[in-house]
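Below, each chain spelled out in residue letters.
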Amino acid sequence: MADKPLYYGSSKGGPMYYGGGKTPMYYGGGKTPMYYGSSRQYGQYGAYGSYGSYGSYGSSGQGGDEGSIVGTVTAGRMLRVISQRWLSVFVFLLVGMLVSFAVYRISPTIYEAKSEFTMDMRRATRGSGTSAIESAIVDYGNNYAEIFNTRLSDWRSEKIVTMILQEYRSSNSASAVTDDEILSTLVDSVLELQRNSRIITIAVRSKSPKLAAALANAYAKAIESYTDEENSLRCDKAVSQVHASVEKKRREVDKISTQLFEFRTANKVDNLRASRDTIQQSLQKTTADILTLEAEEGQLVEWEKALVAVQKDPESFGSLPTGAQRAQEIATEYRAFLDASTEYSKLQFTYTENHPEVVAKAKELEMAKKRFLDATARAHQTCSSTLKVTRNQLAALKARQEEYRDELSSLSQRIVLAESKLTVLDAEYGIAGDVLKDLIKKENQARLEAEANNEIVRVAKQASEPQKPVLPNALVIFGIGGALSLALGVLFVLVMDNLEDTVVNLADIEGRLSLKMLAVLPHVRRKKREQVARFLVEDKYSQFSEAVAGLRNLLDSPRYEALTRCLLIISTQPGEGKTITSTSIAISHAQAGRRVLHVDFDLRRPRLARVWGVELTQERSFSHALQNSKGAKIDFAALVNKTSVEGLDVVCSLPPEGVSPATIFGSSVVSDFFAWARANYDRIVVDSPPYGVVGDVVSLAVLVDSVIVMCCPDRTHFKPIQYCTRCLTEAGANILGVVVNDVEVSSAAAFNPSSRHGYGYGYGYGYGYKPDSSASKSGNTGDGDDAPAEDPVAVDDEFTDED
């Protein structure tokens, strides 16, 4: 687009504000920052760049670098600021000392324990170097410093750490210290070679003096073990010939062991023994069962004889053995028989045989006797059946007993044969093992001769539990704390001096600016510009959504309702949040059930298409429609884009080409658009360009019902906003008040009319947000693609509009 206007800036990547070149500018040109240009172009509204007594826009009057929060730092200015604000510096120094004292008190107490070990690197005189021992000697250096530096990496290796853990656990088996705690302690350990000696010191620091001493000792022992292990490896190389004989004999022993194992596996001697034991147990159990059944058989025979005798002579019945079958039934019937017999005898003594009572009792006696004999017969039958079953079981058990005895005899013979063979193999294995032991002894003797040439590392001094801590160091803490607090105090007073011209609380707005504060919008963290703009759609119950809803209720109140049907949102500079505030107000009105039109009149840097994700062409661009109208009637309805919010439509723009946006704003078609919008929508919310950059806002302000001015704490300057409100008022605009945007939670009390505690004492919403002073300049504001951000974007440093 070769005919793109100059306000789009250079394509070479430098930050620009509607200007060209490498120096930041505001629609003007040259080396000096300007604000919109000359007054000859815009008549009575004047040139915002000709600020007069208000000074350079965005500067605190210090003449410092543009955008610097501290301003120009010179010796004269520092002396002046410190002399004026010495109390603040003193407070910082006092707080620094208090913080240093608190740090000193809460800092963990660190103890240091030291152990020592000696390193002897004496070597035997080298010969021709052809022997196995001489070839195994390793040269680590010519002096102890070289040797120490060479071996230090080995003594810091992962293998050493593992050996330290093992040594510590073996020496302190009851310790509850975790491996992670031990590793974090060992990270800060120090190994140091004492000058002109062979002694190496190990220093370990820990909160626990006992742990420090234990780890220092474990470290020294681990190094000793590690060196011995290395010596062993070198000795293995030196005694390799003898070791070969040992390995040969060991293979022979292993062969015999394998034969022994295979014989045991093939003959299953252990299984045979287990089977023998099992059969013996079964035989014992079978014998016990036979004895039990034989006893039961004897009882049943006696019982059967007794029942036969009773059946022959009921009068001879005495008693049955305990546990006899049907004994209770027989006893009951027998007692009934005896009772009937006794009563019959009594009646015979009193009456004659033919007496009716005697005859009746005789019949009763006969029936009782019959029942008794029947019970006895049933018992006899049961006894006979049980006796038969018992004798059958007894016969089966005796047959099984014979089988067990035969099988046990066979197994015993097999076991004897297998054990005799095993005895021979065990003897061969023992002889081979003795020979192997002799060879191993010879190998060890050869190893001892080889070890005479090894390096020697031995623990020289065990670490004891330290009694005095080495940290915290009061001198260091208080020195650093004092210096840092003094530096922060000086920085603070420099910043305060540089920011005196910015809005910081409610008194600044309603007192110095004589404007009413309509709402306070909280800071929204870690969001992109488009996400914050649609934040009300995504989260209707957030702190930000509640604040916007309160603003909407105020605008819908009887006092303001007639003045807010067509609303213009403006700011005095980019980055104060007018685009996202206008979007949020439009969404809130739509959520309340009204038909809302959101219009993008920031023709130089339109944003709404990106906010709502509208794929915009020149045919549907509002700015191009205004540019190409040439007095013809425009179908404004064709420019409307639907959004995801019910009842909310948006009119988006692309930057115009070949014509200044100021020319478009001065045309009559803009008035026709507002007339059409009022006829078709309940609410019209207009997003305008910053007033401090261009003067287009003035022509828009007289066409709408009212104007809302945006303000950011510690960002908006008094003089630009005073100039803006004065110019708009003189032009006939109706200014409702100010919306304070991007307020940190901890700073919101400064804008709360009910608070008398000054700046930064709570917010009052109760949502649990944590203040973060480091993000105060990266919350509901942010940088754009090629100019300072105009919208309240909550982005961190790593986020940009290009994300």
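To keep things clear, this report deals only with the structure shown in the data block. Here the residue index of a chain counts from 1 through its sequence in written order. It should be noted that, the model being predicted, local features are given only for residues of pLDDT at least 70 and side-chain atom pairs only at 80 or more, the latter also being counted only at that level, while totals for whole chains, interfaces and linings use all residues. With hydrogens and water excluded, all non-hydrogen atoms of the structure serve as input to the side-chain values.

## Some thoughts on the overall build of the protein
Within the protein one finds 23 helices and 12 strands. The rule is simple: take the accessible area with a 1.4 Å probe, protein chains only, and divide by the maximum for that residue type; under 20% is buried, over 50% is exposed, in between is partly exposed. With 803 residues in all, the protein has 42% of them scored as buried. Put simply, 77% of the contacts in the protein that link residues at least 6 apart link residues at least 24 apart. For the protein, the accessible surface area stands at approximately 41700 Å², while carbon and sulfur atoms represent 53% of it. Numbering of helices and strands runs from the N terminus, with a helix taken as a DSSP run of H or I at least four residues long and a strand as a DSSP run of E at least two residues long. By the convention used here, residues are in contact when the closest approach between their heavy atoms is within 4.5 Å. For the accessible areas, the method is Shrake-Rupley and the probe is 1.4 Å, while residue cover comes only from the protein chains on display.

## A few points about the pattern of salt bridges
Any Lys or Arg side-chain nitrogen found within 4 Å of a carboxyl oxygen on Asp or Glu counts as a salt bridge. Counting across every chain of the model gives 23 salt bridges. For Glu229, the salt bridge identified is with Lys159, shortest N-O distance 2.5 Å. One end of the pair, Glu229, is in helix H7 (residues 209-238); the other, Lys159, is in helix H5 (residues 158-171), with 70 residues separating them in the sequence. Under the relative-accessibility criterion, Glu229 is labelled partly exposed at 33%. Among the residues examined, Lys159 registers a relative accessible area of 39% and is labelled partly exposed. Across the pair Asp705 and Arg678 runs a salt bridge, and its minimum N-O distance is 2.9 Å. One end of the pair, Asp705, is in the loop between helix H22 (696-701) and strand S11 (706-711); the other, Arg678, is in helix H21 (residues 669-680), with 27 residues separating them in the sequence. One network of salt bridges, with partners in common, ties together Arg151, Asp154 and Glu230.

## Structural notes on the sheet that holds strand S8 (residues 640-642)
Taken in spatial order, the eight strands make up an open sheet running S5-S12-S11-S6-S10-S7-S9-S8, and their pairing is mixed. Looking at strand neighbours, the two that pair on one side only are strand S5 (517-522) and S8, the edges of this open sheet. Between one strand axis and the next, the sheet turns by 25° as a mean value, whatever way the strands run. One ladder, built from three bridges, connects S8 with strand S9 (residues 648-651); its direction is antiparallel. Bridge pairing in S9 places Asn641 opposite Val650. Strand contacts of H21: strand S6 (566-570), strand S7 (596-600), S8 and strand S10 (683-687), with the helix running at about 160° to S7, the strand carrying the most contacts. Relative to S11, helix H23 (residues 718-731) is tilted by about 175°, and along the sheet it contacts S6, S11 and strand S12 (735-743). Here, a strand pair is defined by DSSP locating no fewer than two bridges between the strands. Every angle, taken between N-to-C directions, lies between 0 and 180 degrees, and every axis is a line fitted to C-alpha atoms, over only the stretch in contact when it is a helix.

## Quick notes on the nonpolar core
One broad trend across soluble globular proteins is that nonpolar side chains are buried collectively. With 52 residues, the main nonpolar core has Leu568, Phe601, Phe622, Phe673, Phe674, Val707 and Leu728 as its most contacted residues. Apart from residues lying up to four places away in sequence, Leu568 is in contact with Val686, Ser688, Val697, Leu700, Ala701, Val704, Ser706, Val707 and Ile708. Definition used in this section: a nonpolar core is a set of buried Ala, Val, Leu, Ile, Met, Phe, Trp, Tyr and Cys residues joined via side-chain atoms within 4.5 Å. Val524, Phe535, Val548 and Ile580 belong to the second largest nonpolar core, which has 36 residues in total.

## Describing the packing of aromatic side chains
Here is the rule: rings of Phe, Tyr and Trp (six-membered ring for Trp) pair when centre to centre is within 6.5 Å. Planes less than 30 degrees apart are stacked, more than 60 are edge-to-face, and the remainder are tilted. One pass over the structure, following the stated rule, counts 14 aromatic pairs. Ring centres of Phe117 and Trp155 lie 5.4 Å apart, and the angle between their planes is 85°; on these two criteria the pair is classed as edge-to-face. Of this pair, Phe117 sits in strand S1 (residues 111-120) while Trp155 is found in helix H4 (residues 144-155), placing the two residues 38 residues apart along the sequence. Ring geometry for Phe601 and Phe674: centres 5.6 Å apart, planes at 5°, overall stacked. Of this pair, Phe601 sits in the loop between S7 and helix H18 (608-612) while Phe674 sits in helix H21; the two residues are 73 residues apart in sequence, bridging distant segments of the chain. For the residue pair Phe601 and Phe674, the accessibility class agrees, reading buried in each case.

## Comments concerning the sheet that holds strand S4 (residues 456-461)
An order of S2-S3-S1-S4 is seen for the four strands of this open sheet, with the pairing classed as antiparallel. In this open sheet, the two strands that pair with only one neighbour each are strand S2 (190-193) and S4. If you compare each strand with its neighbour and ignore which way they point, the axes differ by 25° on average. Of the strand pairs in this sheet, S2 and strand S3 (residues 199-206) are connected by four bridges, and their pairing is antiparallel. For Leu193, the partnering residue across the bridge sits in S3 and is Ile200. Across the sheet, H4 is in contact with S1, S2 and S3; its angle to S2 comes to roughly 165°.

## A few points about the side chain of Ser107
Turning to its location among the elements, Ser107 is positioned in the loop between helix H2 (86-106) and S1. Filtering out sequence-adjacent residues up to four positions away, Ser107 remains in contact with Pro472 and Ile477.

## Observations concerning a nonpolar patch on the surface
Grouping into patches uses exposed residues only, defined as over 30% relative accessible area, and leaves out salt-bridged ones; the cut-off is 9 Å for like charges and 5 Å for nonpolar side chains (Val, Leu, Ile, Met, Phe, Trp, Tyr). A surface patch of nonpolar side chains, amounting to about 970 Å² of accessible area, comprises Trp86, Leu87, Phe90, Val91, Leu94, Val95, Leu98, Val99, Val103 and Ile106. Locating Phe90 in the fold gives a position in helix H2. The partly exposed category is assigned to Phe90, whose relative accessible area is 45%.

## A closer look at the pairing of S7
Counted residue by residue, S7 has five buried out of five residues, so it is predominantly covered. Where burial is concerned, the two faces of S7 agree: the one with Val596, His598 and Asp600 and the one with Leu597 and Val599 are both buried. By the bridge criterion, four bridges tie S7 to S9 in an arrangement that is parallel. For Val596, the partnering residue across the bridge sits in S9 and is Leu648. The pairing of S7 with S10 spans five bridges and is parallel. What sits directly across from Val599, in S10, is Val686.

## So, the state of the cysteines
When two cysteine sulfur atoms lie within 2.5 Å, the pair is treated as a disulfide. Taken as a whole, this structure holds zero disulfides when the rule is applied. With no disulfide of its own, Cys712 has Cys711 as its nearest cysteine by sulfur position, at a separation of 6.7 Å.

## Looking at the environment of Tyr219
For Tyr219, the position within the fold is in helix H7. By relative accessible area, Tyr219 is classed as buried at 3%. For the pair Tyr219 and Phe117, spaced 102 residues apart in the sequence, the C-alpha separation amounts to 10.0 Å. Sequence-distant contacts of Tyr219, that is, excluding residues within four places in its chain, are made with Trp155, Arg156, Ile160, Ile164, Leu186, Ser189, Leu191 and Ile202.

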